[in-house]
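Coordinate analysis (summary)
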Amino acid sequence: MVCCEGSTGILMKNSSNGEIDSFYAIRPECKADVPKTRFKPRAGKTLSARRWHAAFSQDGHLDIEKVLRRIQRGKKHREVFQKIDQWNKRGVHPSIKGVVWEFLLGCFDPNSTFDERNQLRQQRRQQYGALKAECQKVAPAIGSGKFITTPVITKNGRPIHDPSTTDNLQDDKRATSTPSPFDSPKHDEEHVNDAVPDKKGIQWKLMLHQIGLDVVRSDRALVFYESEANQAKLWDVLSVYAWLDNEIGYCQGMNDICSPMIILIENEADAFWCFERAMRRLSLNSCPPSSSSSSSSSSSSFFPTKRENFRCGTSFIGVQSQLSTLSEILKAVDPKLHQHLEDLDGGEYLFAFRMLMVLFRREFSFVDALYLWELMWAMEYNPNMFSSYEESSASADKSSTHDTNDKLLKKCGKFERKNVKTGYKDRHSSLAVFLVASVLSTKNKRFLKEAKGLDDVVKILGDVTGNLDAKKACNEALKLHKKYLNKAKKL
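So, how was this worked out
Residues numbered from 1 in each chain as written. Predicted model: local features only at pLDDT ≥ 70, side-chain atom pairs only at ≥ 80, totals over all residues. Heavy atoms only, no water. Helix = DSSP H or I, 4+ residues; strand = E, 2+ residues; numbered from the N terminus. Buried < 20%, exposed > 50% of the residue type's maximum accessible area, 1.4 Å probe, protein only. Contact = heavy atoms within 4.5 Å. Areas by Shrake-Rupley, 256 points an atom, 1.4 Å probe, with all protein chains shown as cover. Salt bridge = Lys/Arg side-chain N within 4 Å of Asp/Glu carboxyl O. Polar contact = N/O pair within 3.5 Å; in protein donor to acceptor, adjacent residues only side chain to side chain. Axes fitted to C-alpha atoms, helices over the stretch in contact; angles between N-to-C directions. Parallel < 35°, antiparallel > 145°, perpendicular 65-115°, else oblique. Left-handed = near helix turned anticlockwise from the far one by under 90°. Nonpolar A, V, L, I, M, F, W, Y, C, P; charged D, E, K, R; others polar. Phe/Tyr/Trp six-rings, centres within 6.5 Å; stacked < 30°, edge-to-face > 60°. Lys NZ or Arg CZ within 6 Å of the ring centre and 35° of its normal. Patch = residues over 30% accessible without salt bridge, like charges linked within 9 Å, V, L, I, M, F, W, Y side chains within 5 Å. Lys, Arg positive; Asp, Glu negative; His and termini not counted. Charge placed at Lys NZ, Arg CZ, Asp CG, Glu CD. pLDDT = per-residue confidence, 0-100. Expected span 1.5 Å × (residues − 1). Bend = angle between axes of the 7 residues up to and from the residue.

Summing up its helical and strand segments, the chain has 22 helices and zero strands in all. Within the chain, buried positions represent 56% of all 491 residues. When contacts within the chain are restricted to residue pairs at least 6 apart in sequence, long-range pairs at least 24 apart make up 77% of them. Surface accessibility of the chain: about 21,900 Å² in total, with carbon and sulfur atoms responsible for 48%.

Encoded structure:
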């Protein structure tokens, strides 16, 4: 069986910014406005395609411990290399990011074989195809290579037609009972059936144009999204996800999480399931699914967990919970800074909302954000993740990280290993929360001296994150995590 995990065959030499640019080309007119990329893959340190392929046994079992070690720490070099910027040392080479992410996010079990994963991949592709077909019955624009950017339905379910396209609409109705795609996404009304849908269909249709507007804004500095077909692919994945998970639907920011998956993973169905796993991680990180009662909707069998960061409505419950945890952490490890922020009416830590919502996408360049993500995902990795997603809530609870041993611990990321050892279970205490706390704590002198109001806090935080070394920041977060756990023990 041919290995399906990263068959690009691209081997890494001493890399440069030129190589990164070839993977994530920037539009010439946007280069001056794009943050400088600091991460560069480097031979012997970054996880390369060669080392990735070597981590598999003959039948396909992955040595996840070796992979995590390479991503988190890289290879120790001689003293002559120690002065090289930390951003050169770790992470995953662009040629294999997509397939590596599928494992880091729990799409596949490292203990499975090539044959088992190929079978599961085919099942998921068929599953996605069926979901997409459901959506196409309600909105024929799905899968058409076009996407919607204007409202197509009223709140009571009636279609909205643009008078400027009336003639075209009548022509299409004479030709076929199903509207056909126009040559431009601006003629969006043709892409939705006129029949009044049920409540779920109405809610979903009301989201389609907002998804389209966000797609247009997604990573628009990249050459990749000059293609309308690539934009439509992103729109399709987000729209199908909103249909499947109608409890959450779609919220702004999901496009920032999904866009890299579309770029890195060629097959649309594979990109969808990778995004679905990322959405789970945004809420639960490494924790097993909750045993909440199942919904009668079709999404219940796929979503035993809640993607709380993106829960729509009057509040974003997941992020608010994380902000509350952030407040508790800083109060424990840096009470003076916490009190100062409280005095500035910043005790709710809303200035950190965006960072947690979209995992620092706006604070880093595209390339550097991807590096930060895979570093955090590697550090949070738990080998029980795949089974906790695939099994029922009851059996997933049985495979909880409480029943662990030294061998299993070695397969956990640095951050998760500490949680497992101590039995710490706050699902809102992700590495991202500790990363924000570490940024605040390490710059506490500046905040205490310069911050006279919340605007100053936001400005200082922007200056700090704009020059943040991801690896160093994660290491500081791990130190702060250890300090916090030690303090929690004494309480």
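Once that is clear, we can look at unusual backbone geometry. The residue Tyr349 is not glycine, and still its phi comes out positive at about 60°. If you trace the backbone, Tyr349 turns up in the loop between helix 12 (335-343) and helix 13 (353-357). Residue Phe360 is not a glycine yet carries a positive backbone phi of 65°. Structurally, Phe360 can be placed in the loop between helix 13 and helix 14 (366-379). For Phe360, a relative accessible area of 1% gives the class buried.

It is worth spelling out the pattern of salt bridges at this point. Summed over all chains, the structure comprises 23 salt bridges. With its nearest N and O atoms 2.3 Å apart, the salt bridge here joins Asp219 to Arg361. With Asp219 in the loop between helix 7 (199-217) and helix 8 (228-244) and Arg361 in the loop between helix 13 and helix 14, this residue pair connects regions lying 142 residues apart in the sequence. A relative accessible area of 13% means that Asp219 is categorised as buried. For Arg361, a relative accessible area of 8% translates into the label buried.

Once that is clear, we can look at the environment of Glu116. Within the secondary structure, Glu116 is located in helix 5 (residues 114-138). For Glu116, a relative accessible area of 44% puts it in the partly exposed group. Sequence spacing of Glu116 and Asp59 is 57 residues, and the spatial spacing of their C-alpha atoms is 9.9 Å. There is a polar contact of 2.9 Å between the side chain of Glu116 and the backbone nitrogen of Thr113.

The geometry of helix 8 relative to helix 9 (residues 254-264) is characterised by a closest axis approach of 10 Å and an angle of 125° between their N-to-C directions. When the axes of helix 8 and helix 9 are compared, the pair comes out oblique. The handedness of the crossing between helix 8 and helix 9 is right-handed. Between helix 8 and helix 9, the residues in contact are Asn230, Lys233, Leu234, Val237, Leu238 and Tyr241 and Met254, Asn255, Cys258, Ser259 and Ile262, respectively. For the contact of helix 8 with helix 9, the class distribution of residues is seven nonpolar, three polar and one charged.

This next bit is on the packing of helix 3 (residues 64-73) against helix 14. Packed helix pairs are characterised by how far apart their axes lie and by the angle those axes make with each other. Where helix 3 meets helix 14, the axes come as close as 9 Å, and the angle between the chain directions of the two elements is 135°. Judged on the interaxial angle alone, helix 14 and helix 3 are oblique. As helix 3 runs across helix 14, the sense of the crossing is left-handed. Contacts between helix 3 and helix 14 involve Leu68, Ile71 and Gln72 from the former and Glu374, Leu375, Ala378 and Met379 from the latter. By residue class, the composition of the contact of helix 3 with helix 14 is five nonpolar, one polar and one charged.

Time to look at the side chain of Glu268. Inspection of the secondary structure puts Glu268 in helix 10 (residues 268-284). In this structure Glu268 touches Tyr128, Lys132, Lys233, Asp236 and Val237, once residues within four positions along its chain are discounted.

This part is about the packing of aromatic side chains. Applying the stated rule across the entire model yields 21 aromatic pairs. Look at Tyr349 and Phe351: their rings are 5.5 Å apart centre to centre, the planes differ by 45°, and that puts the pair in the tilted class. Here a set of aromatic residues connected by ring pairs shows up, and it is made of Trp52, Phe56, Phe103, Phe108 and Phe114. Sitting above the plane of the Phe108 ring, Arg124 keeps its charged end 5.2 Å from the centroid. Sitting over the ring of Trp243, Lys200 keeps its end group 4.2 Å from the ring centre.

Next up on the list: the environment of Ala488. Mapped onto the fold, Ala488 is located in helix 22 (residues 470-490). Given the relative accessible area of 33%, Ala488 is considered partly exposed. Separated by 64 residues in the primary sequence, Ala488 and Tyr424 place their C-alpha atoms 9.4 Å from one another.

Once that is clear, we can look at a negative patch on the surface. A cluster of acidic side chains, namely Glu342, Asp343, Asp345 and Glu348, defines a negative patch on the protein surface. Topologically, Glu348 is positioned in the loop between helix 12 and helix 13. In this structure Glu348 comes out as exposed when scored by relative accessible area, which is 59%.

Before going further, it helps to examine the confidence of the model for the chain. On average, the chain scores 79 in pLDDT, and the residues at 70 or more come to 74%. Across residues 7-16, confidence stays below pLDDT 50; counting only partners more than four residues off in sequence or on other chains, it has 19 contacts. Low pLDDT, under 50, characterises residues 392-403; the predicted model gives this stretch 22 contacts beyond four residues in sequence or across chains.

Right, let's talk about the environment of Cys251 for a bit. By secondary structure assignment, the location of Cys251 is in the loop between helix 8 and helix 9. Cys251 gets classed as buried once you look at its relative accessible area, which sits at 6%. Once the C-alpha coordinates of Cys251 and Ile211 are considered, the two residues, 40 residues apart in sequence, prove to be 8.3 Å apart.

For the rest of this paragraph, the subject is helix 7. Helix length check: helix 7 (19 residues) gives 29 Å between terminal C-alpha atoms against 27 Å at 1.5 Å per residue, within 8%. In helix 7, a bend of some 25° at Leu208 exceeds every other bend along the element. Among all positions of helix 7, only Lys200, Gly201, Ile202, Trp204, Lys205, Met207, Leu208, His209, Ile211, Gly212, Asp214 and Val215 are buried. As for helix 7, its buried residues are in contact with helix 5, helix 8 and helix 9. Once helix 7 finishes, Asp219 follows within two positions and takes phi at roughly 40°, a positive value.

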